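Geometric and topological summary
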Amino acid sequence: VLENMPWPSRYKVRTRIVSFPNMIDNHNFEAVDPLQGWALKNASGDGITTTGGEVLSGARSFKFVGGTGENSKLQQTKTPFAPFPVDEDSKFSPQFQYTTTASGEPLSITLTLYYADGTTEVLKRKLFTLVGGGGAVADLTPSRAATVVKVRLALKYSAQTATTIIDNFGMPMTSLVT
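Cut-offs used in this document
- Residues numbered from 1 in each chain as written.
- Predicted model: local features only at pLDDT ≥ 70, side-chain atom pairs only at ≥ 80, totals over all residues.
- Heavy atoms only, no water.
- Helix = DSSP H or I, 4+ residues; strand = E, 2+ residues; numbered from the N terminus.
- Buried < 20%, exposed > 50% of the residue type's maximum accessible area, 1.4 Å probe, protein only.
- Contact = heavy atoms within 4.5 Å.
- Areas by Shrake-Rupley, 256 points an atom, 1.4 Å probe, with all protein chains shown as cover.
- Core = buried A, V, L, I, M, F, W, Y, C linked by side-chain atoms within 4.5 Å.
- Phe/Tyr/Trp six-rings, centres within 6.5 Å; stacked < 30°, edge-to-face > 60°.
- Lys NZ or Arg CZ within 6 Å of the ring centre and 35° of its normal.
- Salt bridge = Lys/Arg side-chain N within 4 Å of Asp/Glu carboxyl O.

1. Observations regarding the overall build of the protein chain
Assigned secondary structure in the protein chain consists of zero helices and 14 strands. N-terminal to C-terminal, the α/β element order of the protein chain is β-β-β-β-β-β-β-β-β-β-β-β-β-β. Scored against the burial criterion, the 178 residues of the protein chain give a buried share of 41%. In the protein chain, the share of contacts with a sequence separation of at least 24, taken over all contacts with a separation of at least 6, comes to 77%. As displayed, the protein chain has an accessible area near 9600 Å², and 51% of this comes from carbon and sulfur atoms.

This is the structure we're talking about:
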């Protein structure tokens, strides 16, 4: 207990909330060029589908076709309009809608954060599909406080037998930086 203090005491807390509702461009593959903003690597029959019954929403979805040695990657690199701070309380939440022909097929999400000091941090989460599909979310948290200047989000598919269709990709980010 402090008594008879000759000066007033005050505390000042500064807080800045950083939030992006969706950091992904062309999240539903509906642009004039359906893969606009996306890069596809090691594709073996993978690509945009417009086939009725396969499209999850709108006129197009993305289709991964499994096979021997399958190792496809769909990725997007984004430079935000301005660098933004992150720390251990920040959360990136890549998410998408999917349907698949087999349970337990591996999908992995990799988020690479490029920091202003020239370093990078790679955050990964392995997901496994369920027949019939649904939604998938992978919360990823940076390990340190830094300023992000670029992000790369990649979805890697290495299924041997299944076909998986994805759509409505999103990646909201929230951060409370003090």
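2. Section: the nonpolar core
Within the largest apolar cluster, 36 residues are counted, with the highest numbers of intra-cluster contacts made by Phe92, Phe96, Leu111 and Ile166. Where this core is concerned, the elements lending two or more residues are strand S4 (61–65), strand S6 (84–86), strand S8 (95–100), strand S9 (106–115), strand S10 (120–128), strand S12 (146–157) and strand S13 (163–170). For this core, the leading source of residues is S12, giving six residues. In contact with Ile166, other than residues within four places in its own chain, are Phe29, Leu56, Ser61, Phe62, Phe64, Leu74, Phe96, Gln97, Tyr98 and Leu155.

3. Describing the packing of aromatic side chains
Evaluated as defined, the whole model comprises eight aromatic pairs. Their ring planes at 50° and their centres at 6.5 Å tell us that Phe84 and Phe92 sit as a pair that is tilted. Residue class for Phe84 comes out buried when judged on its relative accessible area of 3%. Taking the relative accessible area as the measure of exposure, Phe92 reaches 0% and is therefore buried. Through a chain of ring-to-ring contacts, the aromatic side chains of Phe29, Trp38, Phe62, Phe64, Phe96, Tyr98, Tyr157 and Phe169 assemble into a single cluster. The ring centre of Tyr114 lies 4.6 Å from the NZ or CZ of Lys150, which sits over that ring.

4. Overview of the pattern of salt bridges
Per the stated rule, a full pass over the model turns up three salt bridges. The salt bridge involving Lys78 is made with Asp25; its shortest N-O contact spans 2.9 Å. With Lys78 in strand S5 (residues 72–78) and Asp25 in the loop between strand S1 (16–20) and strand S2 (39–41), this residue pair connects regions lying 53 residues apart in the sequence. A residue is classified by how much of its surface remains accessible, and Asp25, at 38% relative accessible area, is partly exposed.

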